[in-house]
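Inside the fold
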Amino acid sequence: QVRLVESGGGLVQPGGSLRLSCAASGFIFSIKSMSWYRQAPGKERELVAGISSAEGSTNYADSVKGRFTISRDNAKNTVYLQMNEMKPEDTAVYYCNVRFSTRNYWGQGTQVTVSS
């Protein structure tokens, strides 16, 4: 079955960096677009970044453009989110996502806290 496992979250100071990983299994990873979402306390889940399957084109939320980079390694069935110049407002649970015609799949999430 489809499984997404995020890792790499933690506590970081403002201005610092983290790299999240999402290991995928149970489907043909290389043909699927992948996304990262986040959900802060009391807020709705929002799209952070996405990457296509083929040429690897990317898209980002305005709030993270220029600071975050999404990438993928199809040989490792893994998608990454490199987060630089982090801000307190980046604090949230970050989720990996893959969409199929019948349903969405989510990982368990990884907590990211930006605080001094």
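Residues numbered from 1 in each chain as written. Predicted model: local features only at pLDDT ≥ 70, side-chain atom pairs only at ≥ 80, totals over all residues. Heavy atoms only, no water.

Using the criterion set out here, one finds one disulfide in the structure. With a sulfur-sulfur separation of 2.1 Å, Cys22 is cross-linked through a disulfide to Cys96. Across the disulfide from Cys22 to Cys96, rotation about the S-S bond amounts to roughly -85°, and the bridge is consequently left-handed. Linking Cys22 in strand β3 (residues 18-25) with Cys96 in strand β9 (residues 92-99), this pair joins segments that are 74 residues apart in sequence. What makes Cys22 buried here is its relative accessible area of 0%. (Disulfide = S-S within 2.5 Å. Helix = DSSP H or I, 4+ residues; strand = E, 2+ residues; numbered from the N terminus. Buried < 20%, exposed > 50% of the residue type's maximum accessible area, 1.4 Å probe, protein only.)

Time to look at the pattern of salt bridges. Inspection of the entire model under this criterion finds four salt bridges. Here Arg38 and Asp90 are joined by a salt bridge, their closest N and O atoms 3.0 Å apart. Here Asp90 lies in the loop between β8 (78-83) and β9 and Arg38 lies in strand β4 (residues 34-39), a separation of 52 residues in the sequence. On the accessibility criterion, Arg38 (5% relative accessible area) is buried. Here Asp62 and Lys65 are joined by a salt bridge, their closest N and O atoms 3.2 Å apart. The exposure classification of Asp62 matches that of Lys65, with both residues exposed. Within this structure, Arg38, Glu46, Arg67 and Asp90 form a network of salt bridges that share partners. (Salt bridge = Lys/Arg side-chain N within 4 Å of Asp/Glu carboxyl O.)

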